[in-house]
Amino acid sequence: QGGPAEPRPRRSSGMAGRHGFQPCAMDTGTAAPAARGERGLVVAALIVHVVDVGLDLLVVLLLLSNGQWGFFFGAAGVILWAWLVSSLYISFGGGSPAPGDIDDGGTADRLPQFLLNFVQVQIFSEASRCVFHNGDTDYF
């Protein structure tokens, strides 16, 4: 009766949930919503990308209009090469299922992804998914 009282457990007011564990996106079957700061970074990256591509094309058109054929073909070749390599990497390299995997649809499934990435549509769809549909910002 007169002994020392047992200490009360401390309640954490951190990021943990009601039971002391952080909620896991795998438990719900949906992606965790992107933080507001991450969404801002996605929008900023998209704006930088659009400005970059626009300036690249503007330089190529300027070289074309001034008849600077050597520089025109050099700049156009660099731009097309960069688009081709990045499209191939996204479609057939990183992020793609391993060959023989059950989710691998083969070249038939990868070709539309390649074409959308090559014409710069894929980056807008990924940004839209990240910003408006609480998607994962890791792939942007």
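These notes cover the structure that comes with them. These numbers come from a predicted model, not from an experiment. Throughout, a residue's number is its position along its own chain's written sequence, starting from 1. Restriction of local features to residues with pLDDT of at least 70 applies here, the model being predicted, together with a cutoff of 80 or more for giving and counting side-chain atom pairs; totals for whole chains, interfaces and linings are based on all residues. Heavy atoms from the whole structure form the basis of all side-chain values; hydrogens and water molecules are not counted.

1. Structural notes on the packing of aromatic side chains
Two rings from Phe, Tyr or Trp (for Trp, the six-membered ring) form a pair when their centres sit within 6.5 Å of each other. Planes less than 30 degrees apart are called stacked, planes more than 60 degrees apart edge-to-face, and all others tilted. Considering all chains together, one arrives at 3 aromatic pairs under this definition. Ring geometry for phenylalanine 72 against phenylalanine 73: centres 5.0 Å apart, planes inclined by 65°, an arrangement best described as edge-to-face. Classification of phenylalanine 72 by relative accessible area gives buried; the value is 14%. The classification of residues rests on relative accessible area computed with a 1.4 Å probe and restricted to protein chains. Under 20% of the type maximum is buried, over 50% is exposed, and intermediate values are partly exposed.

2. Description of the packing of helix 2 (residues 36-65) against helix 5 (residues 121-132)
Here, axes are lines fitted to C-alpha atoms. For helices the fit covers the stretch in contact, and angles between N-to-C directions go from 0 to 180 degrees. Numbering of helices and strands runs from the N terminus; a helix is a DSSP stretch of H or I covering at least four residues, while a strand is a stretch of E covering at least two. One can describe the packing of helix 2 onto helix 5 by two numbers: an axis separation of 9 Å at closest approach and a directional angle of 160°. Relative to helix 5, helix 2 is oriented roughly antiparallel. Considering only the axes of helix 2 and helix 5, their crossing is left-handed. Across the interface between the two elements, Arg39, Val42, Val43, Leu46, His49 and Val50 from helix 2 touch Ile123, Phe124, Ala127, Cys130 and Val131 from helix 5. When describing relative orientation, an angle under 35 degrees is termed roughly parallel and one over 145 degrees roughly antiparallel, while 65 to 115 degrees is termed roughly perpendicular and anything else oblique. Should the near helix be turned counterclockwise from the far one by less than a right angle, the crossing is left-handed, whereas a clockwise turn marks it as right-handed. In this description, contact between two residues means that some pair of their heavy atoms is separated by no more than 4.5 Å.

3. A look at the nonpolar core
Here, nonpolar core refers to any group of buried Ala, Val, Leu, Ile, Met, Phe, Trp, Tyr and Cys residues whose side-chain atoms link them within 4.5 Å. Val53, Val60, Leu63, Phe72, Ala76, Ile79 and Trp83 together form the largest nonpolar core, which totals 7 residues. Broken down by secondary-structure element, the contributors of at least two residues to this core are helix 2 and helix 3 (69-92). Take this core: its biggest share by element is 4 residues, from helix 3. Counting 6 residues, the second largest nonpolar core, distinct from the first, contains Ile123, Ala127, Cys130 and Val131.

4. Focus on helix 3
Each helix should span, by expectation, one fewer than its residue count multiplied by 1.5 Å. A rise of 1.5 Å per residue sets the reference length of helix 3, with its 24 residues, at 34 Å; its end C-alpha atoms lie 33 Å apart and thus fit the reference within 8%. Residues of helix 3 that are buried: Phe72, Ala76, Ile79, Trp83, Ser87 and Ser91.

5. Remarks on a nonpolar patch on the surface
A surface patch of nonpolar side chains, about 450 Å² in accessible area, is lined by Val43, Ile47, Val51, Leu55 and Leu58. Structurally, the position occupied by valine 51 is in helix 2. Patches in this entry comprise residues that are over 30% relatively accessible and not in a salt bridge; like charges within 9 Å are linked, as are nonpolar side chains (Val, Leu, Ile, Met, Phe, Trp, Tyr) within 5 Å. All accessibility values rest on the Shrake-Rupley procedure with a 1.4 Å probe; residue burial counts only the protein chains present in the view. We define a salt bridge as a side-chain nitrogen of Lys or Arg found within 4 Å of a carboxyl oxygen belonging to Asp or Glu.

6. Observations regarding helix 5
Over its 12 residues, helix 5 runs 16 Å from end to end, which matches the ideal 16 Å to within 8%, given 1.5 Å per residue. Regarding helix 5, the residues found buried are Gln122, Ile123, Glu126, Ala127, Cys130 and Val131. For helix 5, the buried positions fall inside an angular range of 155° around the axis, keeping them on one side. Of all possible arcs, the one meant is that of the directions from the helix axis to the C-beta atoms.

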